[in-house]
Amino acid sequence: MRKQLGVSIALLAGTLTSAPVSALTVDPFYAGVYSAASVGSVPGLPTPYGGLAFLDSDTIVIGGSANTASGRIYQIDVVRDADSHITGFSGSASAFRGGTIGEYNDGGVVFGPGGVLFTSRWPVNGLGQTKPGSIDEDKIIDLTGVTASSNSAIGFVPSGFAGAGSVKLVSWSGGQWYDAALAPDGSGTYVLLGVTQVDVDPVAPGTQNVPGGPEGFVFISDSNALFDVDSMLIAEYSAGSIGAYELDADGNPLVNTRRSFITGLSGAEGAAIDPVTGDFLFSTFGGANQIVVVKGFLPPEPPTPGVPEPASLALLGLGLAALAVARRRRPAA
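Structural notes, computed from the coordinates. What you see is a predicted model; the values in this text were computed from it and never measured.

**Some details on the overall build of the protein chain**
Stage number 1. The number of helices and strands found in the protein chain is three helices and 21 strands.
Stage number 2. Taken over 333 residues, the protein chain has a buried fraction of 52%.
Stage number 3. Partitioning the contacts of the protein chain with sequence separation of at least 6, the portion at a separation of at least 24 is 53%.
Stage number 4. Carbon and sulfur atoms provide 55% of the accessible area of the protein chain, an area that totals close to 12,900 Å².

Structure follows, in structure tokens:
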């Protein structure tokens, strides 16, 4: 359990301290538009922190005791200011649905098609799936032999982006990046199809890894200032930073376009977009185990009446595409 061990050693040596807000630095290229500040730790959430996602506009789910067998997903309400930006938390974190969801949770905690909660499992290299209303994982996909090192995060390309509907996976610490598809398994959960490692550096073919020890990631539209093309922000745990990457035609990050977005962090981990304000939130594994809010992004556009949500829209074609994808790529159970 390398990440946990690293934190334990640092604590014993007295070298791991809270990354003060003053050490958290938005890169000068972005600093005129975007600002970042910690809103503190989540009351009652066991450390270290894993990934996070929004259950609804006023509630987040977040991993606690990350990377351990006693890991769980918790939920807590957020507090917003007059401009709707998150400034803190209400009450104390409680087990999500009162259950035992979230063993070995890592940076990937995200809701996907059908309202299923997908949780990356590190270091056991798995992917958990929890259906709406369930109090424990309904399905765990073993990615041993499918991905080169343990899965750390998962994401779904939103509608409006190239590669919309596809599944993206990344591993820690190697940074191997994968493309895949989903298909319903008939039980309310899903199978992964065609898990394929992607070369994310076209300038140096064969360099297939995302740097910095990647964890959670989010997609950023080109409508946001200083993002001239659709992009991605990746929590770089090992590097203590957030990296900004332009996307290729399939929704994958291009390593040769990387630019530092935030530096001076300790253990950047989960990543999520506030559905109300468009703010970027990330958690830290260690580094005082806190939540940082980054302002300056545009609020999400409201869904068009009568148009399916991105996850549902993506699945419309997956049933038909599943067999074709399976023929092209190696399937995962």
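**Side note on the sheet that holds strand β11 (residues 151-156)**
Stage number 1. Strand order in the open sheet formed by four strands is β11-β12-β13-β14, with antiparallel pairing between adjacent strands. The strands lining the two open edges of the sheet, one partner per strand, are β11 and β14 (190-197). When strand polarity is set aside, the average angle formed by the axes of neighbouring strands in this sheet is 30°.

**Here we look at the pattern of salt bridges**
Stage number 1. Scanning the entire structure with this criterion turns up seven salt bridges.
Stage number 2. Salt-bridge contacts for D274 lead to R80; the nearest nitrogen and oxygen are separated by 2.8 Å. Here D274, found in the loop between β19 (268-273) and β20 (280-284), pairs with R80, found in strand β5 (residues 72-80); they are 194 residues apart in sequence, far enough to count as distant. Across this residue pair, the class does not change: D274 and R80 are buried.
Stage number 3. Here K168 ties to D179 by a salt bridge, and the two come within 2.5 Å at their closest N and O atoms. On the criterion of sequence distance, the pair formed by K168 in strand β12 (residues 167-171) and D179 in strand β13 (residues 177-184) is long-range, its members being 11 residues apart.
Stage number 4. Here K168 falls in the buried class, since its relative accessible area comes to 0%.
Stage number 5. Connected through salt bridges with shared partners, the residues D58, R80 and D274 form a single ionic network.

**Some points on a nonpolar patch on the surface**
Stage number 1. Among the surface-exposed residues, F29, V33 and L226 lie close enough to one another that they form a single nonpolar patch of about 220 Å² accessible area.
Stage number 2. One can find V33 in the loop between β1 (25-26) and β2 (35-38).

**Quick look at the packing of aromatic side chains**
Stage number 1. In total, this model carries 20 aromatic pairs according to the counting rule given.
Stage number 2. Here the aromatic rings of W122 and W172 are separated by 5.2 Å at their centres, their planes lie at 80°, and the arrangement is edge-to-face. Here W122 is found in the loop between β8 (117-121) and β9 (126-130), whereas its partner W172 is found in the loop between β12 and β13, with 50 residues between them in sequence.
Stage number 3. A relative accessible area of 8% places W172 in the buried class.
Stage number 4. Chaining the aromatic ring pairs together yields one cluster made of F29, Y30, Y34, F227, F261 and F297.
Stage number 5. Of note, R259 hangs over the ring of F29, and the distance from its end group to the ring centre comes to 3.7 Å.

**Things to note about the side chain of T119**
Stage number 1. In this structure, T119 sits in strand β8.
Stage number 2. Given the relative accessible area of 1%, T119 is considered buried.
Stage number 3. Ignoring any residue separated from it by four or fewer positions in sequence, one finds T119 in contact with I73, G108, V109, G126, L127, G128 and E137.

**As for the sheet that holds strand β16 (residues 231-236)**
Across a sheet, strands are paired by hydrogen bonds formed along the backbone, either parallel or antiparallel in direction.
Stage number 1. Strand order in this open sheet of five strands is β1-β18-β17-β16-β15, and the pairing throughout is antiparallel. Edge positions in the sheet fall to β1 and β15 (214-220), since each of these pairs with one other strand and no more.
Stage number 2. Where β16 lies against strand β17 (residues 241-246), six bridges are found, and the strand directions are antiparallel. The residue of β17 that forms the bridge with E236 is S241.

**Quick notes on the pairing of strand β3 (residues 52-56)**
Stage number 1. Strand direction decides the pairing type here: β3 and strand β4 (residues 59-64), joined by four bridges, are antiparallel. Residue F54 lies in a different strand from β4, and its bridge partner there is I60.
Stage number 2. Adjacent in sequence and paired antiparallel, β3 and β4 are bridged by two residues.

**Focus: the nonpolar core**
Stage number 1. Counting residues in each nonpolar core, the largest one holds 22 residues, and the members touching the most others are L233, I242, F261, I262, F280 and V294.
Stage number 2. Mapped by element, the contributors of at least two residues to this core are β15, β16, β17, β18 (259-263), β19, β20 and β21 (291-295).
Stage number 3. Beyond its immediate sequence surroundings of up to four residues, V294 is in contact with Y34, S35, A36, F261, I262, D279, F280 and F282.

**Some words on unusual backbone geometry**
Stage number 1. Cis geometry marks the peptide bond from T47 to P48; its omega dihedral reads -5°.
Stage number 2. Looking at the element boundaries, P48 is found in the loop between β2 and β3.
Stage number 3. P123 follows W122 through a cis peptide bond whose omega is 10°.
Stage number 4. Relative to the helices and strands, P123 is located in the loop between β8 and β9.
Stage number 5. With phi around 50°, S65 is a residue other than glycine that occupies positive phi space.
Stage number 6. Along the chain, S65 falls in the loop between β4 and β5.

Reading the values: the criteria
- Residues numbered from 1 in each chain as written.
- Predicted model: local features only at pLDDT ≥ 70, side-chain atom pairs only at ≥ 80, totals over all residues.
- Heavy atoms only, no water.
- Helix = DSSP H or I, 4+ residues; strand = E, 2+ residues; numbered from the N terminus.
- Buried < 20%, exposed > 50% of the residue type's maximum accessible area, 1.4 Å probe, protein only.
- Contact = heavy atoms within 4.5 Å.
- Areas by Shrake-Rupley, 256 points an atom, 1.4 Å probe, with all protein chains shown as cover.
- Pairing = 2+ DSSP bridges.
- Axes fitted to C-alpha atoms, helices over the stretch in contact; angles between N-to-C directions.
- Salt bridge = Lys/Arg side-chain N within 4 Å of Asp/Glu carboxyl O.
- Patch = residues over 30% accessible without salt bridge, like charges linked within 9 Å, V, L, I, M, F, W, Y side chains within 5 Å.
- Phe/Tyr/Trp six-rings, centres within 6.5 Å; stacked < 30°, edge-to-face > 60°.
- Lys NZ or Arg CZ within 6 Å of the ring centre and 35° of its normal.
- Core = buried A, V, L, I, M, F, W, Y, C linked by side-chain atoms within 4.5 Å.

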